[in-house]
Structure formats: C-alpha cells, structure tokens
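Coordinates in review
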Amino acid sequence: KAHLPEPPLASPLVPLSLTMAFITTFTPSLSSSVLPRLSSLLPSRTPLLRAAASPRLPSLRPLAMSADAVGPPVAAVLPAGHCVFGEEWAPAPLLEKKQLNHDTILLSFGLAEKDKPLGLPTCGCMLAKSDEIGDEPVIRPYTPVSTNAMVGKFDLMVKVYPDGKMSGFMDKMEPGQTVDFKHIKPNVKIQYPFNKKHIVMLVGGTGITPMIQALHAILGTESDSTKVTVLYGSKTEADILAKDVLDAWEASHPQLDVVHVLSNEPEGSAWAGKRGFIGADLIKEVAFGTDGDGIFFVCGPPPMYNAL
C-alpha cells in the first residue's frame, strides 16, 4: 500500500481525434474540461503533451539557479531503456541541497556507479518513494533538471508545499539520507527528436522541469531549428524558477522565446511583463502561424489547467 497522489500517477494515451493526442501524467479527469476549450484554439494536426513535474515552507538564504551553474544547453540524449533505475526501488543518497528561492530547493542525489549518467530518456520522469514519512510509503513523480552529461549524480528541483509530504521530507533531508527511486515504462513520454517546426510550452511553477529537459535536447542540438515558445506562469517575479537559465538560453538561442505571466505580482512593482494567467488570447498570440506543424507541451498545477 502506498500513498499515491490523486489523480493516478500515469495513464495511457488518450486520443482526442485522429490527429490530436494528450499524454497525461497526473490528472486525466481534467481532459474533459480543459481539452475541449484548448483544442478549439489549435491548428489541425496539433497534439498536446502533458509532462511530469514535482508536486511551501518559507526558507531563508535564497540562491538563484544561475546560468553559470547550469551552463549552456546540452543534448545528452539516450533512448528509453538506459536509466540506471529500473522496475525495482533502489536508494540514492542525498549529496547536496541548495535553496533556490523562498519555497524551492535543488537536490543532488548520488548514483551507485560514479562514472555513469542517470540514463533517463528525453522526455521521461522517475518515481521517488520514502518510507520515513508516515505509516505508508509516499510516492511522487519528479523530472530531473540535470542531463545525461552529468555522471555519478542527478539534480531534482523541488517545490516545497506547506502540506507536501514528500517535498516537506526532502526539505528536511540531510546529506547521506536516502530516497528510493525507480523508472517504469509509463514514465517514458514523447521522445526526442520531436520533429515539429514549433513547440509551445504552457508551464506553471515546477512544470518548468520537464521543459528544461526538453530544451536541453532541442537547443543543445546544433542542427535542430525548432522554434520554441515558453509561456511560463508564476505567482510573482520572486517565484519564477530558473529565470537566469531561461534568460541566458533565450539570449543565446534566437529560436527560443520566453513569455512570463505573473498572477499575483504586487501592483506598483517594477515588473513590466504580462500579468494575469495563461489563457486563450495569449495562446492565440504566440502559438499560431506555423501552418499546423506544431505541438503543445503542458505541465503545471491543477489550477493552471482549470484556468486554461
């Protein structure tokens, strides 16, 4: 018995039409309300992909996820079937923990073989489990923000929620403590190369983690000219995760456009960007003009899907 997130961790491909598909990881029930409204905006032949993200305790000494620390995008893509974690749970020790902002941490976990990468496919996620939280194991899906260019360890970016069982546990972890991980077939999503002219990423909060994974592959491949538009919704400017990384990649790769949308930014602040929520008008503004040869990647918390 395990305490699983509601709705289920994964579900199979749900056909929308002969030419449109929606791959759901967390909330298949939302498809009945979100997809009819969003699909009516899309050119024909445009599918949607929903990826896996991490599911807020105030913290001190925020440390930005700097572009220098991450570096340029790296295409270290491996096909499915090479992840060091398989169908059985295996422990990974915490090596280091950094505070990225007031409610988000970066965790580095060690691998058993120090000279090998994680081997996760792009796009793909993993399941994390802990037996130390309560009477039953707690399991959550996470997408690393590191690539297979990193050996001996991998990085997770985790948003810490006030009532989050796994995120709260990870926030209190000390180096040497372990979390169990595994990687199963339903964790493998659409695979790179994506073979589309335009990818529109609709993102909320830590939904940016699978998008960073995809951006590494796209922008890190010199011959890949795919246009990528990221619509990234956050509460305030302070809540924007990996902003330095996205800014640096946008400046160095003309094919990437990042549009931030803030829902709770204080009036009178210095923020000059868009305010509100990701909605139909903004999607129309940035997502069209690609003769239908595009795809939507969607990842974020349930309120974002309701807003769509």
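Structure: above.
The paragraphs below set out a description of the structure included in this document. What you see is a predicted model, and the numbers here were worked out from it, not measured in a lab. (Residues numbered from 1 in each chain as written. Predicted model: local features only at pLDDT ≥ 70, side-chain atom pairs only at ≥ 80, totals over all residues. Heavy atoms only, no water.)

**Things to note about the pairing of strand E11 (residues 227-234)**
Burial analysis of E11 places 7 of its 8 residues in the buried class, the great majority of the element. As defined by bridge partners, strand E10 (residues 198-204) adjoins E11 across 7 bridges and the pair is classed as parallel. Opposite Ile199, over in E11, you have Val228 as the bridge partner. Traced from E10 through helix H4 (residues 208-219) to E11, the parallel crossover comes out right-handed. Pairing of E11 with strand E12 (residues 256-262), which is carried by 7 bridges, proceeds in the parallel orientation. Paired with Ser234 across the strands is Leu262, a residue of E12. Following the backbone out of E11, through helix H5 (residues 243-252) and into the adjacent parallel E12, one traces a crossover that is right-handed. (Buried < 20%, exposed > 50% of the residue type's maximum accessible area, 1.4 Å probe, protein only. Helix = DSSP H or I, 4+ residues; strand = E, 2+ residues; numbered from the N terminus. Pairing = 2+ DSSP bridges. Right-handed = clockwise from strand over helix to strand, strands pointing away.)

**What to know about the nonpolar core**
The biggest cluster of nonpolar side chains holds 34 residues, and the ones touching the most others in it are Met201, Ile208 and Val230. Mapped by element, the contributors of at least two residues to this core are E10, H4, E11, H5, E12 and strand E14 (294-299). In terms of residue count, H4 provides more of this core than any other element does, 8 residues in total. Beyond its immediate sequence surroundings of up to four residues, Ile208 is in contact with Met157, Val203, Val230, Tyr232, Leu241 and Leu246. (Core = buried A, V, L, I, M, F, W, Y, C linked by side-chain atoms within 4.5 Å. Contact = heavy atoms within 4.5 Å.)

**Some points on the side chain of Ser167**
With respect to the secondary-structure elements, Ser167 resides in helix H3 (residues 165-172). Residue Ser167 is classed as buried on the basis of its relative accessible area, which comes to 6%. At a separation of 3.2 Å, a polar atom in the side chain of Ser167 contacts the main-chain amide nitrogen of Tyr161. Those residues in contact with Ser167, other than ones at most four positions away along the chain, are Tyr142, Val158, Lys159, Val160 and Tyr161. (Polar contact = N/O pair within 3.5 Å; in protein donor to acceptor, adjacent residues only side chain to side chain.)

**Observations concerning the pattern of salt bridges**
Considering all chains together, one arrives at 6 salt bridges under this definition. When the shortest N-O distance is used, the salt bridge between Lys159 and Asp103 registers 2.9 Å. In this pair, Lys159 is assigned in strand E8 (residues 153-159) and Asp103 in the loop between strand E4 (90-101) and strand E5 (104-110), connecting sequence segments 56 residues apart. Like Asp103, Lys159 is buried. (Salt bridge = Lys/Arg side-chain N within 4 Å of Asp/Glu carboxyl O.)

**Quick notes on the pairing of E4**
As paired elements, E4 and strand E9 (residues 178-182) share 4 bridges and run antiparallel to each other. What sits directly across from Pro93, in E9, is Thr178. Here 6 bridges tie E4 to E5, and the two strands are oriented antiparallel to one another. Paired with Asn101 across the bridge in E5 is Thr104. Connecting E4 to the next strand, E5, in antiparallel fashion are 2 residues.

**Quick word on the sheet that holds strand E6 (residues 126-130)**
Strands sit in the order E7-E6-E9-E4-E5-E8 across an open sheet of 6 strands; the sheet is antiparallel. Of all the strands in the sheet, just strand E7 (138-142) and E8 have a single pairing partner and so form its edges. Recorded for the sheet is a direction-independent mean angle of 40 degrees between the axes of neighbouring strands. Pairing analysis gives 3 bridges linking E6 to E9, with the strands arranged antiparallel. Note that in E9 the partner of Leu127 across the bridge is Lys182. (Axes fitted to C-alpha atoms, helices over the stretch in contact; angles between N-to-C directions.)

**Let's talk about H5**
Burial in H5 covers these residues: Val245, Leu246 and Trp249. Axial view of H5: buried residues confined to an arc of 95 degrees, hence all on one face. (Arc of directions from axis to C-beta.)

**Observations concerning the packing of aromatic side chains**
For the structure on display, the rule yields 7 aromatic pairs. Aromatic side chains Phe109 and Phe154 sit 5.7 Å apart centroid to centroid with 25 degrees between the ring planes, which places their arrangement in the stacked category. Here the residue Phe109 occupies a position in strand E5, and Phe154 occupies one in strand E8, the gap between them amounting to 45 residues. Where Phe109 meets Phe181, the ring centres are 5.2 Å apart and the plane angle is 70 degrees; that geometry is what we call edge-to-face. With Phe109 in strand E5 and Phe181 in strand E9, this residue pair connects regions lying 72 residues apart in the sequence. Residues Phe109 and Phe181 agree in their burial class; the two are buried. Grouped by ring-pair contacts, the aromatic residues Phe85, Phe109, Phe154 and Phe181 constitute a single cluster. (Phe/Tyr/Trp six-rings, centres within 6.5 Å; stacked < 30°, edge-to-face > 60°.)

**A word on the environment of Ala242**
Relative to the assigned elements, Ala242 resides in the loop between E11 and H5. In this structure Ala242 comes out as buried when scored by relative accessible area, which is 5%. The sequence separation of Ala242 and Leu100 amounts to 142 residues, and the corresponding C-alpha distance is 8.5 Å.

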